[in-house]
Amino acid sequence: MTTCVVVRKDDQIAIAADSLVTFGDTRLSHAYEANEKIIEVNGSYVSLSGTTAHFPVMKKLLTEMGDECRLDSRDEVFDTFTRVHQILKDKYFLNVKEEEDDPYESSQITTLIANPHGIFGVYSYREVFSFDRFWAIGSGKCFALGAMYAAYDQPGSAQEIAGLGVQAGAEFDKSSALPCRLITFPIQR
């Protein structure tokens, strides 16, 4: 899986992700492939967790949406990912079923989004969250959340806290590994 994090502190936002890809028991480290887990689209940075198949599909899909890919507010993210879900079904043959009693079709994707307007999370039923401080997704999320919680109220920047989160995930989660890709930028006021 992965460890992906977003952090908002003072006037800075950071998004970071590890670089390991796994296929069952096989690990494909950064030494063998670039494994970029953060996609840049229309001034936003998007990171995903889940099956490896999501990464090329979502990169192509979000990029091809052009100006229709709007991610600057919770409502825009919801509207965009509602359109994304339909495109995933129609063009990429998404399997929408998780459990028999699901309330909605699943997009099978968990996403973190960071841009100068905020940090957002999107879950498989298109639930959108706007985070004030930090969040993490992926198999290393519990380790990352613990590290970021311990560091957040201490001296340190969003960049440093995000780095700690991914480092903790890589240290303790068998499906995460360094190096870490980390992007920071100022909050738009």
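Anyway, here's the lowdown on the structure attached to this text. The residue count restarts for each chain, going from 1 along the sequence in the order it is written. Only residues with pLDDT of at least 70 get local features here, since the model is predicted, and only at 80 or more are side-chain atom pairs given and counted; chain-wide, interface and lining totals rely on the full set of residues. Calculated side-chain values reflect all of the structure's heavy atoms, with hydrogen atoms and water omitted.

## Observations concerning the pattern of salt bridges
A side-chain nitrogen of Lys or Arg and a carboxyl oxygen of Asp or Glu constitute a salt bridge if their distance falls within 4 Å. Counted under the stated rule, the structure contains seven salt bridges. Between glutamate 64 and lysine 60 there is a salt bridge, and its shortest N-O distance comes to 2.7 Å. On the criterion of helical spacing, the pair formed by glutamate 64 and lysine 60 is a turn pair, its members being four residues apart in helix 1 (residues 54–64). For glutamate 68, the salt bridge is made with arginine 83, and the minimal N-O distance between the two is 4.0 Å. The numbering of helices and of strands both runs from the N terminus, where a helix is a DSSP run of H or I of at least 4 residues and a strand a run of E of at least 2.

## A short note on the layout of surface pockets
Over the atoms a probe the size of a water molecule is rolled, and this reveals where empty space is left. Cavity means a closed set of points on a 1 Å grid over the protein atoms alone, one where a 1.4 Å probe fits but cannot get out, pocket means an open set with protein on both sides within 12 Å along at least 5 of 7 lines, and lining means a residue has an atom within 4 Å of a point. Grid points are joined across faces, edges and corners, and a volume is the space filled by probe spheres set on the points. What the largest pocket holds in volume is close to 380 Å³. The set of elements that each furnish at least two residues to the lining of the largest pocket consists of strand 3 (21–23), strand 5 (38–41), strand 6 (44–49) and helix 1. Of the residues in the lining of the largest pocket, the class split is eight nonpolar, seven polar and five charged. When its volume is computed, the second largest pocket comes out at roughly 160 Å³. Met1, Ser49, Gly50, Thr51, His54, Gln108, Ile109, Thr110, Tyr123, Ile137, Gly138 and Lys141 together form the lining of the second largest pocket. Under the scheme applied, nonpolar residues are Ala, Val, Leu, Ile, Met, Phe, Trp, Tyr, Cys and Pro; charged residues are Asp, Glu, Lys and Arg; polar residues are all the others, including Gly. Class assignment of the residues belonging to the lining of the second largest pocket gives a composition of four nonpolar, seven polar and one charged.

## So, the packing of helix 3 (residues 141–152) against helix 4 (residues 158–172)
Contact geometry for helix 3 and helix 4: axes closest at 7 Å, N-to-C directions at 145 degrees. Here helix 3 runs over helix 4; the crossing is right-handed. In this structure, helix 3 contributes Phe143, Ala144, Ala147, Met148, Ala151 and Tyr152 to the contact, and helix 4 contributes Ile161, Ala162, Leu164, Gly165, Ala168, Gly169 and Phe172. Looking at side-chain class alone, the contact of helix 3 with helix 4 contains eleven nonpolar, two polar and no charged residues. An axis is simply a line fitted to the C-alpha atoms; with a helix, the fit covers only the stretch in contact. Between two such axes, the angle follows the N-to-C directions and lies from 0 to 180 degrees. For any pair of crossing helices, the crossing counts as left-handed if the nearer helix is rotated counterclockwise from the farther one by less than a right angle, and right-handed if it is rotated clockwise. The criterion used for residue contact is that any of the two residues' heavy atoms lie within 4.5 Å.

## A look at helix 4
Between its first and last C-alpha, helix 4 extends 21 Å over 15 residues, near the 21 Å set by a 1.5 Å rise per residue. Among the residues of helix 4, those classed as buried are Ala158, Ile161, Ala162, Gly163, Gly165, Val166, Ala168, Gly169 and Ala170. The secondary structure elements touched by the buried residues of helix 4 are strand 1 (4–9), strand 2 (12–17), helix 3 and strand 11 (181–186). Under the convention used throughout, the expected extent of a helix is 1.5 Å for every residue step, that is, one less than its residue count. Three exposure classes are used, based on accessible area relative to the maximum for each residue type with a 1.4 Å probe and protein chains only: buried under 20%, partly exposed in between, and exposed over 50%.

## Some thoughts on the packing of aromatic side chains
Planes of paired rings set the category: under 30 degrees apart is stacked, over 60 is edge-to-face and the rest tilted, where pairs are Phe, Tyr or Trp rings (Trp by its six-membered ring) whose centres lie within 6.5 Å. Overall, the coordinates contain six aromatic pairs when judged by the stated rule. Judged by centre distance (5.6 Å) and plane angle (45 degrees), the rings of phenylalanine 134 and tyrosine 152 are tilted. Remark: tyrosine 152 occurs in helix 3 and phenylalanine 134 occurs in strand 10 (residues 134–137); sequence separation between them is 18 residues. Among the residues examined, phenylalanine 134 registers a relative accessible area of 12% and is labelled buried. Using a relative accessible area of 11% as the deciding quantity, one classes tyrosine 152 as buried. Aromatic ring contacts, followed pair by pair, group Tyr123, Phe129, Phe131 and Trp135 into a single cluster. Working rule: Lys NZ or Arg CZ, within 6 Å of ring centre, within 35 degrees of ring normal, means a charge sits over the ring. Residue placement shows lysine 9 over the ring face of tyrosine 152; its charged tip is 5.4 Å from the ring centre.

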